[in-house]
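Topology and contacts: notes
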2 protein chains.
Amino acid sequence: MKQIALLGFGTVGLGVYEIINQHRGIYFAGTDTPATIKWILVRDKNKKRAHNPTDCVLTDDFNDIINDDSVDIIISAMGGMEPEYTYIKESLKKGKHVVTANKEVICAHIAELTDLANEKGVKLYYEGAVGGGIPIISSIVETLKINKITKIQGILNGTTNFILTKMAKEKADFDEVLKIAQELGFAEADPTADIEGYDVMRKICILASLAFHTHAKTEDVHLRGISNITLDDVNMADSLGYDFKYIGQALLRDNRYSISVTPVLLPKDSVMSNVNQEYNVILLYGDIIGELCFMGKGAGKDATANAVVSDAIKALTEEESQTHINFNETANSYGLSGIKNEYYIRATVENYEQFEKVIDLAAGAIKKNNLTYTNSKVFFTTELIRSSDMLALYEQLKDAAKDVFYARMEHSLL
Amino acid sequence: MKQIALLGFGTVGLGVYEIINQHRGIYFAGTDTPATIKWILVRDKNKKRAHNPTDCVLTDDFNDIINDDSVDIIISAMGGMEPEYTYIKESLKKGKHVVTANKEVICAHIAELTDLANEKGVKLYYEGAVGGGIPIISSIVETLKINKITKIQGILNGTTNFILTKMAKEKADFDEVLKIAQELGFAEADPTADIEGYDVMRKICILASLAFHTHAKTEDVHLRGISNITLDDVNMADSLGYDFKYIGQALLRDNRYSISVTPVLLPKDSVMSNVNQEYNVILLYGDIIGELCFMGKGAGKDATANAVVSDAIKALTEEESQTHINFNETANSYGLSGIKNEYYIRATVENYEQFEKVIDLAAGAIKKNNLTYTNSKVFFTTELIRSSDMLALYEQLKDAAKDVFYARMEHSLL
């Protein structure tokens, strides 16, 4: 009988406990390797709990766990960088398998922790860190056996997708929808990590690191949040036949990567523009298999716990780690300069002079017959221009007008 | 060095050969288990070939292969029932792993061949048989470790999806589009297996067999083709906000399964209605993970060959088979009677008497304000009614009017 220690007994921890111990599935009983949870690390042992685990020991001291040689595997479901990073590292050092859904720790330390796991001959899995129940990490690892992956794009955050969906369907303003999302529990009291993109940034960096065999760093990510999208933008996109989505994107060209997290306009008849509410979707491109797309619930107790327990089963039943991923190939960040796209642009102009200045600045890029002026706002779309030119134009427009906003327009995403 | 024998050197066989032998990927070199193709079974050794394999032996005699004890694995890529079924069985009996993309053989003999493989301690994998490069079979196997799967729905045939997409986008008639599809090589000269649903039927039976732990039989499938869909139907669907898709569906209720392959109307803002051209999509529902959806190219040389080589890598590198699927649980077919749906119905009436009769017959089911009469044709949609009632109504309508057609209407499919 294999012994599991569970770190954290919050939403995901409870989900994991339920799947393993309350017979809500086939789980370990369906494998040849039965396992039980021996320890649960909690902050307060004496706290009143709705679910009081009876068949394992609650402890508030990690030393109980790390010094217990009978523990085969650590399922780490705490959240935040510390102390979870230290606990994961200590566990690997002690030769214990580690499964976690902690995207912060994995994003920052994927190379170091993978090396450590390989050195110790144990497994480190983190399927639950990206896309909740969507098996995207195992699919990338599997795809890499035959393919070179050169593109990953996706909707990786349920909160912001919920907000954008609700803005579009109910023609409501950002602040209004954010409030509803918070009331419904879809957004945190402090929504910064979601709406400013730090959450997506970490997830797309993890996927890029695996796919491109390099430790993709968050400081290389071109990051823009969604809080500047107004109802005007949503309505204008709608009239152009587009929907706003918040897209994490990682591209590889000539062995250099480019990662961005930005609002993007997708055609209404694309697959991804119809992925709504709290769903996540991830598209990857392999040179042989072509486009593969995965969709499912990107968060939530059961979906994430499913991914975590699935990882634990793999760690305990596989002879050898299936993830001989190395992060040492020489892919470097190359920024955005080389990529050409069409853009949607909106600016507020307070007088005719400002209007003229905006038009003058955009003259070389603007798409014919695609300019609207209403309520002191100018809206237009561009021809294909380089991302670096768009950035330069944006800086100039900000000087010439107020509240300038822009977003990439995609033709496909399936 | 592991030895591979490849049966068949058609489209998929060539794709497999290219991936393994022409360094078009990372493939076996990325694993610890290098392998080469030793034999290729062809019909005519002396046929002129665009690609003439030089590093292996071409034979037209299966005995060369089956009697070669150095052959570890058979990659079977011929097509049709015989002689491939016999070759697969003989190979398993001789203790060789088998990978195939042959849906006909697997659909008919999944239980027998799996038992044989288990008995001989070898692996039988067939990811390429369903959904081309989409890793749907491994995802079902993985999902089953934790979940009970109760629903699988999908677009599983590229040819018919190409036809339906083109009818909708170009407002063209079925026969016209079929001809174009044939000219472009998207449809066979004899398109029966695609447009009458035999291909989808086999694929959904394979998925249902795995998901429901039973050998789902094709004779239990409620099967209707797409050749009766007219441009009138496509236009009417469009005006109602729907698109036609050809959906394979397998449901499990109270340990009994129901499988259908029918044209279905999907809302234009659903994910699946936007899966166009030759793409396939498969949705599965697990009781813990919820809805998971997979999308990609459902056919084609490279996508299918990718799945086949991926299977071969798994077979040669895994210690133990990951597919301890049994087909002996007592799920039985239960037909359609219990399922309630809304339907779209079209009938041609030649006079007022026939019109009245159709309306009378449908009176109990018809949805208010949803009847159109034009050019001697009546179109209407129904309230939620039982499938069995729909079938009975269909039989009555066929007596009362001409060219009666109906299709299920779905509200979601994501």
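Since the model is a prediction, treat every value here as computed from it, not as a measurement. (Residues numbered from 1 in each chain as written. Chains lettered and ligands numbered in written order. Predicted model: local features only at pLDDT ≥ 70, side-chain atom pairs only at ≥ 80, totals over all residues. Heavy atoms only, no water.)

1. Focus: the side chain of Arg49 of chain B
Residue and element names in this part refer to chain B. Structurally, Arg49 is set in the loop between strand 2 (35-41) and strand 3 (57-59). Of the side chains bearing the opposite charge, Asp44 lies closest to the buried Arg49, which forms no salt bridge; the N-O distance is 6.2 Å. Polar side-chain contacts of Arg49 include one of 3.3 Å to the backbone oxygen of Lys47. The contact partners of Arg49, leaving out residues within four places of it in the chain, are Phe9, Val42, Asp44 and Leu58. (Helix = DSSP H or I, 4+ residues; strand = E, 2+ residues; numbered from the N terminus. Buried < 20%, exposed > 50% of the residue type's maximum accessible area, 1.4 Å probe, protein only. Lys, Arg positive; Asp, Glu negative; His and termini not counted. Salt bridge = Lys/Arg side-chain N within 4 Å of Asp/Glu carboxyl O. Polar contact = N/O pair within 3.5 Å; in protein donor to acceptor, adjacent residues only side chain to side chain. Contact = heavy atoms within 4.5 Å.)

2. Some details on helix 5 (residues 136-144) of chain A
What sets the pattern is the α-helix's 3.6 residues per turn: residues three or four places apart point alike. Judged by how many residues are buried, helix 5 of chain A sits mostly within the fold: seven of nine residues are covered. Along helix 5 of chain A, the residues classified as buried are Ile136, Ile137, Ser139, Ile140, Val141, Thr143 and Leu144 of chain A.

3. Focus on the interface of chain A and chain B
Residue-level contacts link 43 residues of chain A with 43 residues of chain B. In total, about 3,600 Å² of surface goes out of reach between chain A and chain B, with carbon and sulfur atoms giving 56% of it. Counting the surface chain A buries against chain B, the share from its top three residues, Ile146, Ile288 and Met295 of chain A, is 18%. Remark: the boundary between chain A and chain B carries two salt bridges. If you look at where chain A meets chain B, you find eight residue pairs in polar contact (both at pLDDT 80 or more). Here the side of chain A that touches chain B gets seven residues from one element, more than from any other, and that element is strand 12 (residues 290-297) of chain A. Here strand 12 of chain A runs beside strand 12 (residues 290-297) of chain B; their pairing, made up of five bridges, is antiparallel. Residue pairing for strand 12 of chain B: Cys293 of chain A is matched across the bridge by Met295 of chain B. (Buried area = accessible area lost by both parts, 1.4 Å probe. Pairing = 2+ DSSP bridges.)

4. A word on the packing of helix 12 (residues 352-362) of chain A against helix 13 (residues 387-400) of chain A
Residues and elements named next belong to chain A. The contact between helix 12 and helix 13 brings their axes to 9 Å, and the two run at 170°. The pairing of helix 12 with helix 13 is recorded here as roughly antiparallel in orientation. The segment helix 12 lies against helix 13, with Gln354, Lys357, Val358, Leu361 and Ala362 engaging Leu393, Gln396, Leu397 and Ala400. Tallied by class, the residues present in the contact of helix 12 with helix 13 amount to six nonpolar, two polar and one charged. (Axes fitted to C-alpha atoms, helices over the stretch in contact; angles between N-to-C directions. Parallel < 35°, antiparallel > 145°, perpendicular 65-115°, else oblique. Nonpolar A, V, L, I, M, F, W, Y, C, P; charged D, E, K, R; others polar.)

5. Examining unusual backbone geometry
Glycine aside, residues mostly have negative phi, and peptide bonds are mostly found in the trans state. Residues and elements named next belong to chain A. In the segment running from Glu82 into Pro83, the intervening peptide bond is cis, with an omega of 10°. By secondary structure assignment, the location of Pro83 is in the loop between strand 4 (73-76) and helix 3 (84-93). Notably, Asn255 is not glycine yet its phi reads approximately 60°, a positive angle. If you trace the backbone, Asn255 turns up in the loop between strand 9 (242-253) and strand 10 (256-267).

That's the geometry; what it means functionally is another story.
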